[in-house]
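Listed below are the residues making up each chain.
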Amino acid sequence: MLKRRRARSPALGLVGAGILLALGLVALLAPWLSPYDPHHRASRPFLPPSAGHPLGTNDIGQDIASELIHGTRVSLLIGVLAAAVALSLGTLVGLVAGYYGGPVDVLLMRLVDVVLVVPFLPLVILLAAYLGPGMWNTVLVIGGLAWARPARVIRSQVMSLRSRCYVVASQAMGGRPAHVLSGHVLPGIMPLALAQFVLAASHGILVEASLSFLGLGDPVRKSWGSMLHYAQLRGAFLTGAWRWWVLPAGLMITLTTLGFTLVGYWLEERFDPRLRGGR
Amino acid sequence: MDDLLVIEDLVVAYSGPAGEVRAVDGVSLRLPRGASLGLVGESGCGKTTLALALVRLLPSCASILSGRILLEGEDLVQMPETAMEGVRWRRVALIPQAAMNSLNPVYTVGWQIREAIATHERVASREADRRAAAALELVGLDPARRFAYPHELSVGMRQRVVIAMAFACRPPLIVADEPGSGLDAISRAQVLGLMQRLRHRLGTSFVMISHDLEEATALGDLVAVMYAGKVVEVCPAGRFPGQARHPYSRALAAAHPPLRGPRQQLTGIPGEVPRPGSPPPGCRFHPRCPEAAAACRQVGPELSKVAPGHHVACHLWGGEGL
Amino acid sequence: MTQARVEAIELSRIYRGSRRRAVLAVDRLNLAIGGGEVFGLVGESGSGKSTTARLLMGLERPTSGRVLYRGWDPAKRPREFRRQAQLIFQDPYAALNPALRVLRTVTEPLAIHGVGTGAERRRLACRWLERVGLTPPRDYLDRFPHELSGGQRQRVAIARALILEPAFVAADEPTSMLDLSVQAGILNLLVTLQQEMGLGCLFITHDLAVARHVSHRIGVMFAGRLVEQGPAEAVVGTAAHPYTRQLLAAAAVGVLTEEVSFTAPSPDGCRFGPRCPRAGAVCREQEPFLTAIGDGHLVACHFPG
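Reading the values: the criteria
Residues numbered from 1 in each chain as written. Chains lettered and ligands numbered in written order. Predicted model: local features only at pLDDT ≥ 70, side-chain atom pairs only at ≥ 80, totals over all residues. Heavy atoms only, no water. Contact = heavy atoms within 4.5 Å. Buried area = accessible area lost by both parts, 1.4 Å probe. Salt bridge = Lys/Arg side-chain N within 4 Å of Asp/Glu carboxyl O. Helix = DSSP H or I, 4+ residues; strand = E, 2+ residues; numbered from the N terminus. Polar contact = N/O pair within 3.5 Å; in protein donor to acceptor, adjacent residues only side chain to side chain. Nonpolar A, V, L, I, M, F, W, Y, C, P; charged D, E, K, R; others polar. Axes fitted to C-alpha atoms, helices over the stretch in contact; angles between N-to-C directions. Parallel < 35°, antiparallel > 145°, perpendicular 65-115°, else oblique. Left-handed = near helix turned anticlockwise from the far one by under 90°. Buried < 20%, exposed > 50% of the residue type's maximum accessible area, 1.4 Å probe, protein only. Patch = residues over 30% accessible without salt bridge, like charges linked within 9 Å, V, L, I, M, F, W, Y side chains within 5 Å. Areas by Shrake-Rupley, 256 points an atom, 1.4 Å probe, with all protein chains shown as cover. Pairing = 2+ DSSP bridges.

Caption draft 1: Highlighting the interface of chain B and chain C. Listed per partner, the contact involves 38 residues of chain B and 39 residues of chain C. Taken together, the two surfaces of chain B and chain C that pack against each other cover about 3,400 Å², and 53% of this comes from carbon and sulfur. Contact with chain C buries surface across chain B, with I186, L259 and R263 of chain B losing the most and accounting together for 23% of the total. Inspection of the region where chain B meets chain C yields zero salt bridges. Listed by contribution, the elements that provide at least two residues to the side of chain B that touches chain C are α5 (155-167), α6 (185-202), α7 (213-218) and α8 (247-255) of chain B. For the side of chain B that touches chain C, the leading source of residues is α6 of chain B, giving nine residues.

Caption draft 2: Fine view of the interface of chain C and chain A. Taken together, the contacts link 20 residues of chain C with 14 residues of chain A. Taken together, the links from chain C to chain A amount to zero salt bridges. Counting across the interface, chain C meets chain A through eight residue pairs in polar contact (both at pLDDT 80 or more). If you list the elements that add at least two residues to the side of chain C that touches chain A, you get α2 (78-84), β5 (85-88) and α3 (102-112) of chain C. Looking at the side of chain C that touches chain A, the element that brings in the most residues is α3 of chain C, giving four residues. Of the residues belonging to the side of chain C that touches chain A, the class tally is eleven nonpolar, three polar and six charged.

Caption draft 3: Just the packing of α6 of chain B against helix α10 (residues 242-253) of chain C, in detail. With their axes 9 Å apart at the nearest point, α6 of chain B and α10 of chain C run at an angle of 55° to one another. Regarding the angle of α6 of chain B to α10 of chain C, the classification is oblique. The handedness of the crossing between α6 of chain B and α10 of chain C comes out as left-handed. Only Y243, Q246, L247 and A250 of chain C of α10 of chain C make contact with α6 of chain B, whose side of the interface consists of A185, I186 and A189 of chain B. Among the residues making up the contact of α6 of chain B with α10 of chain C, the classes are represented as six nonpolar, one polar and no charged.

Caption draft 4: Looking closely at the pattern of salt bridges. All names here are of chain C. Using the criterion set out here, one finds 39 salt bridges over all chains in the structure. The shortest N-O distance in the salt bridge between R217 and E37 comes to 2.5 Å. Of this pair, R217 sits in strand β8 (residues 217-222) while E37 sits in the loop between β2 (22-34) and β3 (38-42), and the two are 180 residues apart along the sequence. Each member of the pair, R217 as well as E37, is classed as buried. Salt bridges here are not isolated pairs; linked through shared partners, they connect D27, R28, R225, R271 and E287.

Caption draft 5: Geometry of unusual backbone geometry. A cis geometry characterises the amide bond from F240 of chain B onward to P241 of chain B, with omega recorded as 0°. Cis rather than trans, the peptide bond between T135 of chain C and P136 of chain C has omega equal to -15°. Among the secondary structure elements, P136 of chain C is positioned in the loop between α4 (118-131) and α5 (138-141). Although it is not a glycine, E178 of chain B sits at a positive phi angle of roughly 50°. Considering the arrangement of structural elements, one finds E178 of chain B in the loop between β7 (173-177) and α6. Looking at E178 of chain B, the relative accessible area reads 7%, which means it is buried.

Caption draft 6: Looking closely at a nonpolar patch on the surface. Residues and elements named next belong to chain A. Among the surface-exposed residues, L21, L25, L28, L29, W32 and L33 lie close enough to one another that they form a single nonpolar patch of about 700 Å² accessible area. Within the residue set of the nonpolar patch, elements represented by two or more residues are α1 (2-28) and α2 (30-33). In terms of residues, the nonpolar patch owes the most to one element, α1, which gives three residues.

Caption draft 7: Summary view of helix α10 (residues 224-233) of chain A. Residue and element names in this part refer to chain A. Counting buried positions over the ten residues of α10 gives seven, a clear majority of the element. Regarding α10, the residues found buried are W224, G225, S226, M227, L228, H229 and A231. Positive backbone phi, approximately 75°, marks G235, located one or two places after α10.

Caption draft 8: Summary view of the arrangement of the chains. Between all two pairs of chains that are in contact, chains B and C come out with the most contacts. For the non-touching pair chain A and chain B, the nearest C-alpha separation works out to 14 Å.

Caption draft 9: Up close: the sheet that holds strand β7 (residues 200-205) of chain C. Residue and element names in this part refer to chain C. Taken together, the eight strands give an open sheet; going across it, the order is β5-β6-β7-β3-β8-β9-β11-β10, and neighbouring strands pair in mixed fashion. The open sheet is flanked by β5 and β10 (291-294), the only strands paired with a single partner. Going across the sheet, the axis of each strand differs from the next one's by a mean of 20°, ignoring polarity. Relative to strand β11 (residues 297-299), strand β9 (residues 225-231) is paired through two bridges, and the arrangement is antiparallel. The partner of E228 across the bridge, within β11, is V299. In this fold helix α1 (residues 49-56) packs onto β3, β6 (168-172), β7 and β8, with an angle of close to 155° to the strand it touches most, β7.

The values are spatial; any link to function lies outside them.
What follows is the structure, given as C-alpha cells:
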C-alpha cells in the first residue's frame, strides 16, 4: 500500500507541475490569450455561450472567458504573495524558535498554537472586513494567519539540524548565530520551505477566492472569486447560467489548488524527514 | 572429518545501476563441527555479505550467483525458502550487526525471546516463557529481566539479550556479525567472554565476523582473512597474527598500537579497499602491498598451503597446492 | 611544565533526566593540560568523557566549577577562545556539512574569523590539505563529503580544526569509527601535527592502547569521576585502580571471563564498588578521593595497587 503510494507520487507531482506551468503561461499571456478586455462591455449582458463568446457574457456584458483568463493573474499573484508573506514569517519564527530553544521556543510555539487553534476562515473574514477590500490587504490577512503551520514544520527541522555535528562544529569554531543559520541551517531547510511555500500558495488561492466570493476582495481586479461573487449576486446559481458562469471559475480554482497541492505533497514527501522516515 | 559448514566457491553479487558487483567472489571455507571461525577484514571486504548469505537473508538486490553452502551436508543455496525457514534459527542463527539497537522498543525482552522461539518451534506459551527465562540466565542476566523493556537495559545487557535469542533454539552454528562493535572495551570483552563460555558449554560453532583482530580471534580455532571479496589467508587462531604470512594480515596486525613495549610509529595501510565493482587486476591487494612484485600485478594468487591448516593466497608464499 | 593551557576546576555537570532523576555526567573534575601536552581521557561510554570535552570547549555550561584557558575565563572573551581552541569529532560522516565542498568546509574558520581574502584562504586550504595528507590538494578542493572515504573526511575535519593554528584541540574519539588500517594513519597524523605545532590536546578514546600511543598523561574516567590519572606509562604499566586494571585486561586479552554485576552503586560509596573485585565495607560507605601514589600518579581507591 505504502509502496504504491510512493511509486505514484513523483508522477502525480509531475502532473501538478504541468498544471501550474500551464496556469502560469495563461497568467503571463493573458492580454494576448483573451478575446476581449474583461473590463469593457463586449456585448449584451447575460448572453449564453456562442462562437463569439465561448462562455457567454456576464451581467454587464463583459466576456466571461476573458474574465476567467485575466482572473488567473490575480488569483495566482495573490496566492503566491500571501504564501511569500506566510513563509517569510514562518521561516523566521521557525528558525528562531528551533535554534535558540528554551523560553523563546516555548513562547513562539504557544503563539503558533494560538494561531492554529483559532478558526481560520471566520478570523480572515473579520480581518478583511475590518481592513477593507484591496489586494494588499488580502495578501497581508492571509499571509499573517497562514505562517503558523510552516513555522512549526520548519522549527522541527531546525531542531534536528541544530544538533548535527557540523552545526556544533561551526559554533565551536566561533560562528555567530547569523553565520551558522545562514551557512548551515538555512540551506538545510530550503527544500522543506519550498514545499511549505507551495502548499501555502494553494491555501492562499482558496482563501482569496472565498474572500472575493464574499465581496471582501479587491473590487477593481477580476479574480475567480469575484466572478463567483457577481454570479451569485445575479442569481446565476439558480438559473441555467451556472454552467458557463459558475462552473468554469470553480473548476479553475479547483485545478489550481490541485496543482499546488500535488506539487507540494510531492516536495514535502521528498524533503520532510518525518515522512521520509519509513524509507 | 565431520564438517559442520562447508562453503564452496561462493559468489554473491549485488545488482546495481552499474551492473553486477561481486561482493563475495569465490570464497571457499570449511568449519569442523564444534570449531569456530573468525573472519577478519576491513569494512567493504564482503564480510557482512558473506554472513547474510550463510543464513540466506541477503537484501533483495543481492543474490548468490554460484557455489554451495553445505550445512551438515545439506546445500542451503538450493534450498527452497520454506525449508530455509526451518533451518534458520534452529540450525543456524544470526546475530546481526548492531542488533542490540534493533530490539523492538514496545515489547519486553522476554516477549521478544519467546517470539523468536515460537516462530521457529511449536511450543506451548508457558514452555516458551520458561525457555526465555532460561535463555536470559544462560547469558548472565537475571531471569526477572524478561519483563524489562529494551530501553531499561544498558547496551551491554541488550547485546546479551540478543545473544540469548540466538541461543534460544540451540543451533549448532551461530553467525555473529561484529558482536562487540558499539560496546565499550569492558562490555565488549565481557560479551566475548560470555560467548566463549557458552561455546565451551554447549559446543556451539561460531562464525565470528569482525574488523577487530582480537574479536575475531577470541573464539577462533580458525581465522580467515578476507580482502576485496576473497579469502587471502586461513590459519589456526594460534598462528594469528604472529605467524600470519599474507602482507595484508600482517599489515592489519601492525595497524593497532601495542599496549606494552616501546612506542613506535604505526604503519597503517595506505590507500583504500577497492570498490567491489572494479577490483585491480592480479592480486587485489597489490596496489597497497609494500612487497608487490611484477607477478602480483598480473596474476591473482590462489590459496596454497604453507603449514598444516595454514593457507595463503600470495605469490610470495608459493607452497603446495590446496 | 609550562603554564596550563586549559584547566578544569571542580567541574560538574548534572543533567536533569526524566522522573526528576539527576544524572551526574561529570562530577567535581580537576584537570590541567599544558601546552604541547596530550592528555588522554579514557573510559567506557557514558562515563562523561564527551561531556568533559564539551565543557572544556565551552559548548555546554557547567552546573558548578569552572574552566580556565591560559588563566582566563573563556566565557569572558569567547571570540578569542574560539579562535584558539578547536574540536575534532568522532563521526567524520556527520562532522562535515554534506552540502559544502571541501574548500568551503576547510576555510570556514577563516571566514568566521575574517582571516584573509578569498585567494589567501584558498592558498591556506591547499597548504593544509597537503599537510593532512590529501595530495594533490587540487583534487580535493571541489569535492563533496560523500565523494570522500571516512579517513579522508576525518583528514578534512582535522585541516578545518587546525587551519587557524589553535593552541588547544579537543579530539573526541577521532578514530573510533574508522577501520584499523585507516586509524593508524590518522593517529600518526595527529601526533605529528601536535608535535609540530606544540598543541595542547585533550584526546578522548575508549582504547587504552591508543591512549598510550598518543598521550603524555592519561586520565581514566568512571561514572563522571576521574578515578586514576598519571603519566601514560605509569597508568598503563602500573595501574592502581581496579577499573583501570579491568580496562587493561580487556585491551590486552580481548576477553573478560569474570561475570559482571548489574547492581547499582550505593549513594555514598565508591561508584565502582558493585563491579569491584576488591570492594570492602569502607567502599560502600565512603567515596575515595584522588591521592598521589607516585610521581604525578593519582588514584581514587581505598585499596589501590
